[in-house]
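Architecture at a glance
The lines below spell out each chain.
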Amino acid sequence: MSDRHEHSHPHEHSRPHDHGHRHGLLHRMAHLLTPHSHETADKVDSALESSARGMRALWVSLAVLGVTALAQAVVVAASGSVALLGDTVHNAADALTAVPLGIAFVLGRRAATRRFTYGYGRAEDLAGLVIVLTIAASAAFAGWAAIDRLLDPRPVQHVPAVAVAALVGFAGNEWVARYRIRVGRAIGSAALVADGLHARTDGFTSLAVLLGAGGSALGWQLADPIVGLAITAAIALVLRDAAREVFRRVLDAVDPALVDRAERALAEVAGVRGVGELRLRWIGHRLRAEVAVVVDGDVTVRQAHRIAVDAEHALLHAVPRLTAALVHADPAPAPGEADPHLPLAHHAVA
């Protein structure tokens, strides 16, 4: 006997009846006033709310980093500092990554179709790849500018203005980094978190520009291009971290702790005698699950369905950002009974 059941849930739970939020009494009161609903419309509302938060984070970041890069560009034109040029280019590139992410969030709001049956959430992963390529391009440009200046040293003009621009770059990037990472983690967006880490590294590279300005003030012309090379190395490090995060998401990687949490939740469901194959995957910044649970072979179809519903409900409470689960009920093996899945054996992938 088997049962397949797919179900949606509007909330993001980290454990049974604990919503993983940190809003204290106000959140608990709101939860009492707003009972659980399992309607598809609520799931869509939740997804739209997450996308709206992501969009808001992107456009605010674009504005802050755009102003930061513009202010630095004015100083670059006047001073000729390649260290500040590298920082400015990277800030501009970081601001422009809001464009592919914004497109991905807009696409993610579209309903599933007969061609895209899971919806358009994976567009967010494509945006993450674009961000990784953008970081790589900015690293290459910053490195090229620094090497060119190292081969052809020139004095830096208006050193105090360069120092101020560096501090402006640090302040703008650190604020944006905190904002993007906080929102990205809240909505489960690996691309937005990667973008936040990108901005944080930009902030520290802005401080490195201060070293170049100090060296230039002391008359050491090579200080500026050397700091430019150091900035390039820092960009390469954040490129590695961002690429690892995004490629893991593209390959459907999940935190093993989530799998452990799901298995523990399923094991506590009445009627579940064992947990078989369990799979989790990200679609955009939402999770989906597929799981096989073992039930008593003598239960009726209705009873197996009830156990499957209870199992899915437990998963929705236990796994953060899980919006749907497909639960398959397998009968417990009986002595002398052939494996009910035997007809599928020749379809197994080697």
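What counts as what
- Residues numbered from 1 in each chain as written.
- Predicted model: local features only at pLDDT ≥ 70, side-chain atom pairs only at ≥ 80, totals over all residues.
- Heavy atoms only, no water.
- Helix = DSSP H or I, 4+ residues; strand = E, 2+ residues; numbered from the N terminus.
- Buried < 20%, exposed > 50% of the residue type's maximum accessible area, 1.4 Å probe, protein only.
- Areas by Shrake-Rupley, 256 points an atom, 1.4 Å probe, with all protein chains shown as cover.
- Core = buried A, V, L, I, M, F, W, Y, C linked by side-chain atoms within 4.5 Å.
- Contact = heavy atoms within 4.5 Å.
- Phe/Tyr/Trp six-rings, centres within 6.5 Å; stacked < 30°, edge-to-face > 60°.
- Lys NZ or Arg CZ within 6 Å of the ring centre and 35° of its normal.
- Axes fitted to C-alpha atoms, helices over the stretch in contact; angles between N-to-C directions.
- Parallel < 35°, antiparallel > 145°, perpendicular 65-115°, else oblique.
- Nonpolar A, V, L, I, M, F, W, Y, C, P; charged D, E, K, R; others polar.

As for the overall build of the protein
- Helix and strand counts for the protein come out as 10 helices and four strands.
- Going from N to C terminus, the protein has its helices and strands arranged as β-α-α-α-α-α-α-α-α-α-β-β-α-β.
- For the protein, the residues scored as buried account for 46% of the 350 residues in total.
- Of the roughly 17,800 Å² of accessible surface on the protein, a fraction of 63% belongs to carbon and sulfur atoms.

Looking at the nonpolar core
- Counting residues in each nonpolar core, the largest one holds 37 residues, and the members touching the most others are L84, L101, L192, V209 and I231.
- Elements that contribute at least two residues to this core include exactly α2 (40–79), α3 (82–96), α4 (98–108), α5 (123–151), α6 (159–187), α7 (190–217) and α8 (223–250).
- Apart from the residues lying within four places of it in its own chain, the contact partners of L84 are Q72, V75, V76, V162, A165, A166 and V209.
- Of all hydrophobic cores here, the second largest spans 28 residues; its members include I307, A308, L315 and L322.

A few points about the packing of aromatic side chains
- Applying the stated criterion across every chain, the model contains two aromatic pairs.
- Both rings, one in W175 and one in Y179, keep their centres 5.3 Å apart while their planes meet at 40°; by these two values the pair is tilted. One end of the pair, W175, and the other, Y179, are both in helix α6, four residues apart, so they sit about a helical turn from each other.
- Here the guanidinium or amino end of R110 rests over the ring plane of Y120, the centre of that ring lying 4.7 Å away.

Quick notes on the packing of α4 against α5
- Following both chains from N to C, one finds α4 and α5 inclined at 175°, their axes separated by 8 Å at the closest point. Comparing the axis directions of α4 and α5 gives the class roughly antiparallel. In this structure, α4 contributes P100, L101, A104, F105 and L107 to the contact, and α5 contributes A123, E124, A127, V130 and I131.
- Considering only residue class, the contact of α4 with α5 consists of nine nonpolar, no polar and one charged.

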